[in-house]
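# Report on the structure
This is what each chain is made of:
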Amino acid sequence: MTGVLAAPSPDLLAIPCVLMRGGTSKAAFFLASDLPADPKVRDLAILAAMDGVDRRQIDGLGGANPLTTKVAIISLSQQPGIDVDYLFGQVVIGESRIDYAPTCGNILAAVGPFALETGLVPAQPGETKVGIRMVNTGSLCDAIIQTPDGFATYEGETAISGVPGTSAPIRLRFRDIAGSTCGSLFPTGKVADTFCGVEVTCVDNGMPVVVMRAESLGVTGNETARELDANTSLKARIEEIRLAAGAAMGLGDVRAKVVPKMTLVSPAVNGGDINTRTFIPRVCHDAIGVLGAVSVATACVTPGSPANLQGEVPLSGVRRVSVEHPTGEFTVALAIEFEGATPQIRDAALLRTARRLFQGLASIRRKAVYP
Ligand code: NQM
């Protein structure tokens, strides 16, 4: 058995696909040039590959959790100074559709190694900077990949919470992510609003997030993700706040959207700056999204936000914010400049790891794509 089939069935289309772990998530990566050019046909192919219908995703590559049913479509960028375009898709499990509204910072970590390994970007001696445009939001990021021998290396000493072992570090430096989806850092025009009797901060520093104190929802914020997922009355209340906040953030009717994400904050318990539990938006994250963490960290340093638990008035400069989550901690470095009382975030940087898990051909029911 060589792995290459001698007589493949014509019932199945075979499309080159690489499964990558990016941070604490997994995605099927495709080159845009390998997928059907018509976006409608392309999405049928992706949904058939992942299984968008069944909640267990038993007939596809998806992992039956929002964190493991993600897709990245990569192409060379036409934008000067940028190497590749990264279009992210969140397969909405059981609904047979792909949400292209958000981007994903975890999967972003795998874009650089994928671009190097597929030959889209040549490796430099030592390390290689890959300039990435996040097509969903138009935001830009530089990913620094270790390339000691002219190849991406996956081996290294960097550990991230939520992933066993260590790997080579990938440095992500975001440019201009404030207002990525909503147009401004605080899309309601205020740093604090009240929806359904709960004080919140609506913030978009790379990801639209509604941040509120756990105690204002009657929980401590130290519960496990599983405990919170089982709390149906809490989840119903959070969804009610999300619908009101989403409209106020200019996102319209967010019932069918996976943004804004919802984060409960409470005092840090392990020496960090803040403790979090994040709903993405209806399932509690085992950790926290990358850009979600950047947005929460931003609320955390903003005077007047309910997330500013330490009553902090930060100075301009680089502020490292340690965001605790159910499986560990995530440090975000924010370059802050103040205009009056409101922080302006000049850039945000963080460390992730990634790894190629599988390379091959996704086998897709031809009839699902070309009925
Ligand atoms: O916020 C989860 C993840 C994410 C997205 C989600 C992410 C981000 O952990 O940038 O990384 O919010 O759906 O992959």
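Residues numbered from 1 in each chain as written. Predicted model: local features only at pLDDT ≥ 70, side-chain atom pairs only at ≥ 80, totals over all residues. Heavy atoms only, no water.

## Some thoughts on the domain arrangement of the protein
A common way to report how large an interface is uses the accessible area buried once the components associate. Our working definition: Those domain boundaries reflect an automatic or database domain assignment. Contacts are residue-level and defined by heavy atoms, with any inter-residue pair within 4.5 Å sufficient. Accessible area, probed at 1.4 Å, shrinks when two parts are joined; the buried area is that loss added up over both. One speaks of a salt bridge when a side-chain nitrogen belonging to Lys or Arg is within 4 Å of a carboxyl oxygen belonging to Asp or Glu.
When its domains are assigned, the protein resolves into domain 1 (12–169 + 354–369) and domain 2 (193–346). Of note, the centres of domain 1 and domain 2, computed from C-alpha atoms alone, are 26 Å apart. Taken together, the contacts link 16 residues of domain 1 with 19 residues of domain 2. Note on domain 1 versus domain 2: buried area summed over both sides is about 1200 Å², and carbon and sulfur give 65% of it. Run the count over domain 1 and domain 2 and you get 0 salt bridges.

## Observations concerning the site of the ligand
What counts is decided by this rule: Here a residue counts as near a molecule or strand whenever at least one of its heavy atoms sits within 4 Å of it. Polar contacts here mean pairs of N or O atoms no more than 3.5 Å apart (in protein, one a potential hydrogen donor and the other a potential acceptor; neighbouring residues in sequence count only if both atoms are side-chain atoms). Accessible areas in this description were obtained via Shrake-Rupley with a 1.4 Å probe; residue shielding takes into account the shown protein chains only. In this classification, Asp, Glu, Lys and Arg are treated as charged, Ala, Val, Leu, Ile, Met, Phe, Trp, Tyr, Cys and Pro as nonpolar, and every other residue, Gly included, as polar.
Around the ligand sit 14 residues, and of these S25, G105, N106, H285 and L291 come closest. Contact between the ligand and H285: an oxygen atom at 2.6 Å from a side-chain N or O atom of the residue. The fraction of the free accessible surface of the ligand (350 Å²) that becomes covered by protein chains is 98%. Counted by class, the shell around the ligand contains 6 nonpolar, 6 polar and 2 charged residues. Two domains each provide a minimum of three residues to the shell around the ligand, namely domain 1 (12–169 + 354–369) and domain 2 (193–346).

## Focus: helix α1 (residues 39–50)
This is how it is decided: For helices the rule is a DSSP run of H or I covering at least 4 residues; for strands it is a run of E covering at least 2, with both sets numbered from the N terminus onward. Given the number of residues in a helix, its expected span is that number minus one, multiplied by 1.5 Å. When accessible area is computed with a 1.4 Å probe and restricted to protein chains, residues below 20% of their type maximum are described as buried, those above 50% as exposed, and intermediate ones as partly exposed.
Between its terminal C-alpha atoms α1 stretches 16 Å, which fits the 16 Å expected from 12 residues at 1.5 Å a residue. Of all 12 residues in α1, 9 are buried, a share of seventy percent or more. Those residues of α1 that sit buried are V41, R42, D43, A45, I46, L47, A48, A49 and M50. N-cap assignment for α1: the residue whose side-chain oxygen lies 2.8 Å from the backbone N of K40 is D38. D51 lies just past α1 and shows a positive phi near 75°.

## A short note on the pairing of strand β4 (residues 84–92)
The side chains of a regular strand alternate, residue by residue, between the two faces of the sheet. This is how the line gets drawn: If DSSP finds at least two bridges between two strands, the strands pair.
For β4, a buried count of 9 out of 9 residues is recorded, marking the element as mostly surrounded by other parts of the structure. Side chains V84, Y86, F88, Q90 and V92 project from β4 onto one buried face, and the interleaved D85, L87, G89 and V91 project onto a second face that is buried too. As judged from the 3 bridges shared by β4 and strand β6 (residues 126–134), these two strands associate in the parallel manner. Considered in β6, the bridge of Y86 is made with M134. Between β4 and strand β5 (residues 97–99), which pair antiparallel and follow one another directly, the connecting turn spans 4 residues, one of which, G94, has a positive phi of 80°.

## Here's the deal with the packing of aromatic side chains
Put simply, the rule reads: Two rings from Phe, Tyr or Trp (for Trp, the six-membered ring) form a pair when their centres sit within 6.5 Å of each other. Planes less than 30 degrees apart are called stacked, planes more than 60 degrees apart edge-to-face, and all others tilted.
Under the counting rule described, the total for this entry stands at 2 aromatic pairs. Both rings, one in F29 and one in F114, keep their centres 5.1 Å apart while their planes meet at 45°; by these two values the pair is tilted. With F29 in strand β2 (residues 25–31) and F114 in helix α2 (residues 105–117), the pair connects residues that are 85 residues apart, well separated along the chain. Taking the relative accessible area as the measure of exposure, F29 reaches 1% and is therefore buried. The exposure class assigned to F114 is buried, which follows from its relative accessible area of 3%.

## Re helix α5 (residues 290–300)
Most of α5 is tucked away: 11 of the 11 residues are buried. Residues of α5 that are buried include every one of V290, L291, G292, A293, V294, S295, V296, A297, T298, A299 and C300, and no others.

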